[in-house]
Amino acid sequence: MLISIYMVAITAEAMSGALAAGRRNMDFFGVAVVAFLTALGGGTVRDILLGNFPVNWTQHPTYIYLTVTGGLITIVIARVMRHLHQLFLVLDAIGLVAFTVIGCNVALNLGYDTIVIVMAGITTGIFGGILRDIMCNRTPQVLRHELYASVSLIVALLYLTLLEQGVGEDITLLAAFSLGLLLRMVAIRWNVSLPVFSYSQERWD
Amino acid sequence: MLISIYMVAITAEAMSGALAAGRRNMDFFGVAVVAFLTALGGGTVRDILLGNFPVNWTQHPTYIYLTVTGGLITIVIARVMRHLHQLFLVLDAIGLVAFTVIGCNVALNLGYDTIVIVMAGITTGIFGGILRDIMCNRTPQVLRHELYASVSLIVALLYLTLLEQGVGEDITLLAAFSLGLLLRMVAIRWNVSLPVFSYSQERWD
Amino acid sequence: MLISIYMVAITAEAMSGALAAGRRNMDFFGVAVVAFLTALGGGTVRDILLGNFPVNWTQHPTYIYLTVTGGLITIVIARVMRHLHQLFLVLDAIGLVAFTVIGCNVALNLGYDTIVIVMAGITTGIFGGILRDIMCNRTPQVLRHELYASVSLIVALLYLTLLEQGVGEDITLLAAFSLGLLLRMVAIRWNVSLPVFSYSQERWD
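If you're wondering where the values come from, they're calculated on a predicted model, not measured in any experiment. (Residues numbered from 1 in each chain as written. Chains lettered and ligands numbered in written order. Predicted model: local features only at pLDDT ≥ 70, side-chain atom pairs only at ≥ 80, totals over all residues. Heavy atoms only, no water.)

J.: Would you take a moment to explain the UniProt feature "transmembrane region" (unreviewed entry) in chain A for this structure?
T.: All names here are of chain A. Per the UniProt record, the feature "transmembrane region" (unreviewed entry) sits at residues 28-50, 62-80, 87-108, 114-135, 147-165 and 171-192. Secondary structure within residues 87-108 divides into 100% helix and 0% strand; the distance between the first and last C-alpha atoms comes to 32 Å. Counted over residues 171-192, helix gives 86% and strand 0%. Its end C-alpha atoms are 27 Å apart. (UniProt positions renumbered as here; feature names shortened; annotations may be inferred. Helix = DSSP H or I, 4+ residues; strand = E, 2+ residues; numbered from the N terminus.)

Put into C-alpha cells, the structure is as follows:
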C-alpha cells in the first residue's frame, strides 16, 4: 500500500523536476537527469548519510524507469499539466508524507537515535527538491517558501510519537497522512508560511 | 592501456576545470579544488552511490597529484591552450568514453543490475562536469548542450551489449572508443544536439 | 579539550551559516538547515569520502541541537553580532584549525595515505562553507578570497609533520593552533590573499 503511494509520488516528483528543467531549457537528457534526482535524490542522500548501502533505487530498477519515463512524458504533456495544478499539489503533499515516513523507517531499522530518525525523514522528504534547485542553479525554494519542510518535520514527530505509544502501524500511517495533507492544504489555501529571516548586512563574517 | 588513457583523460578534465575556475576569478587553491573535482568527481559520486569504498582516488595518490598539478599548470599555459582547442576536444571525447567504460566495469564487478551499470557509466562520465558547474555557480552545461551525456549512454549500451555477446575485451573497447569518438566529432562538427525542452510557465508546482 | 573547542567552533560556524541564509531571505527552517550544513557539512563530506560510517554527527545528537539552536538564536541576535565581528573572526579561525586537525585524525586512524589525510583535513575545514554557499546559490567564497583554505593546508602539513617527528600530541596541537590563528590574523589584518587566476576567454573547451 505504502509502496503504491510511493510509486505515484516519485512519478509526480519526477514530473515537477522535469518542469524545472524545462524552465532552464535543458535537453531531453537533462530533463531525465533532473527528474530522476528530484524523485529519488532525497532517498539517495538519506541512504548515503545513514551508510545504508546498497542505495535503495539500485535494487529497484522499476523506480528508475518510472522516474525517467515520467520526466520524459512531461515534455509532451506539459501544456495539459497546467490544468492539473490542483491534482499535482495533492500528489506532491502525499509524496511529502510518504517520503518522510519511509525515511524515518529506514533510520529506525538501522537503530539510529530519535533526532537522526527525524532528520532522515525530513531529508527524504525535501532533499530531492533541493537537488533539483541546485541543478537548476537557484536557491532551494523549500528553504524559503511556504510550510513544506516544516510539515515533513511535524509528520515525522507525529509518526514516531504514535509508534512509541504502541499505536498500530495502520492508524499511525492514517494519522500521518491526514495531518500532513491537512497542513499542506491549509498552507497552500491561506498562504501560510514560516517567518522569514532577512539579513541585509554586507558580508563581514 | 585503459589506465594510461585514464591518466591522460583526468589531466585533460582537470585542465578544463581549471579554466572554468579562472572564469570565476578563483584563487590558486580554488583552481586546484575545481580541477580535482572536475577530473575525479564523477568517479567519486559513482563510488559513493554504489557503496564502493574506499573511493578509488584515495588508493591512487598519483591521480590526486596529476589533477592538482594539471590544474595549476593550466594557470601558466592558459594562453597557449587556446591554440590547442582541437586537441582538447579529442582528449575530452577520449575521457568521456574511458570514464564511461570504467564506471560500467565498477558496477559490473559489484553485481549491480544492468540499468544501474549503465547509470554508473554515465555518472562517471558526466558528473565531474556537473560538479565543476555547481562549484562555478552555473547550470550544468552537460544537461543543456550538445550530444555529450547521450554519447556516454550509447557507449555504455554498446559496451555492455558486446560484452554480453561474448565479444573479447579488446574488440569491445576498440568499438566503444571508435563509436564514442565518432559521435562526439559528428556532434561538434555539425553542431548536433538533443531537442531542448523549454517551459516558460511561471512556477506553480 | 579539543572537543570543547570543537563545540564552540561548530556553533560559530552555524551562526555564520544562519547569516548567509538570512541574506537569501530564507525562512526559519531554511536557516536551521543551512546552519547545520555549514557547521557539520564538512565533517559529513569527509566521513562519506572516507567511507567512515556511521557519519560522526549521527552518533552525537548534541552537535545537531547545538548547531540548529545556534542558527535559530542568530535570527534574534543578528543585530548584536555585528558588533562582535572581531570575536567571530577569531572563533572562525579556531574552528578552521580544529576542523582540520580532527579531519586529519579521522583519516589517520583509518590508515589512509598521507595525501588523503591532508585532504580529509582540508575537506573538514572548508566544505561546510562550500555547502553553505551552494545552498545560497553563490560561488564558494572559500575558493576565491583570502588565505583560508591554504591555512587549512598548512596546518594539516604542520600537524602531520610534527606527529611523524614524534612530537607529543599537546605540543603539536598548540603549534597547529598558534600557526593557524597567526596566519588567519595576518591574512585578515593585511588582506593577504593567494594570487587569482582570471580567465576571460569564452568557453571553448
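J.: Sorry if this is basic, but what is going on with the relation of the copies chain A and chain B here?
T.: Relating one copy of the chain to the other requires a rotation about an axis plus a shift along that axis. Least-squares fitting of chain A to chain B yields an RMSD of 0.0 Å, with the transformation described by 0.0 Å of translation along the axis and a rotation of 120 degrees. Expressed as an axis order, the relation between the two copies is that of a three-fold axis. No C-alpha of chain A approaches the rotation axis more nearly than that of Asn137 of chain A, which lies at 3.9 Å. In this assembly the copies use different faces: only 12% of the residues contributing to the interface of chain A also contribute to that of chain B. (Least-squares fit on C-alpha atoms with pLDDT ≥ 70 in both. Contact = heavy atoms within 4.5 Å.)

J.: What is the right way to read the relation of the copies chain C and chain A from this model?
T.: When chain C is fitted to chain A, the residual RMSD is 0.0 Å, and the transformation amounts to a turn of 120 degrees plus an axial shift of 0.0 Å. When you check the interface residues of chain C against chain A, a mere 12% turn up at the interface there too, and the two sides of the contact use different surfaces.

J.: Whenever I open this one, the interface of chain C and chain A confuses me. Can you help?
T.: Frequently, the measure chosen for interface size is the accessible area that the parts lose on association. At the junction of the two partners, chain C supplies 43 residues and chain A supplies 36 residues. Taken together, both faces of the contact between chain C and chain A bury some 3400 Å²; the carbon and sulfur share is 69%. For the interface between chain C and chain A, the tally reads seven residue pairs in polar contact (both at pLDDT 80 or more). Elements with a minimum of two residues in the side of chain C that touches chain A: helix 1 (2-23), helix 2 (28-49), helix 3 (61-81), helix 4 (85-109) and helix 5 (114-135) of chain C. (Buried area = accessible area lost by both parts, 1.4 Å probe. Polar contact = N/O pair within 3.5 Å; in protein donor to acceptor, adjacent residues only side chain to side chain.)

J.: Any chance you could explain the interface of chain A and chain B here in plain terms?
T.: Contact with chain A, which involves 43 residues of that partner, is made by 36 residues of chain B. Carbon and sulfur atoms supply 69% of the area that chain A and chain B bury against each other, a total of about 3400 Å² over both sides. A per-residue breakdown of the area chain A buries against chain B is headed by Arg23, Asp27 and Phe29 of chain A, which together make up 19% of the total. Put simply, chain A and chain B have zero salt bridges between them. Connecting chain A to chain B are seven residue pairs in polar contact (both at pLDDT 80 or more). Elements with a minimum of two residues in the side of chain A that touches chain B: helix 1 (2-23), helix 2 (28-49), helix 3 (61-81), helix 4 (85-109) and helix 5 (114-135) of chain A. Residue composition of the side of chain A that touches chain B, by class: 26 nonpolar, 11 polar and six charged. (Salt bridge = Lys/Arg side-chain N within 4 Å of Asp/Glu carboxyl O. Nonpolar A, V, L, I, M, F, W, Y, C, P; charged D, E, K, R; others polar.)

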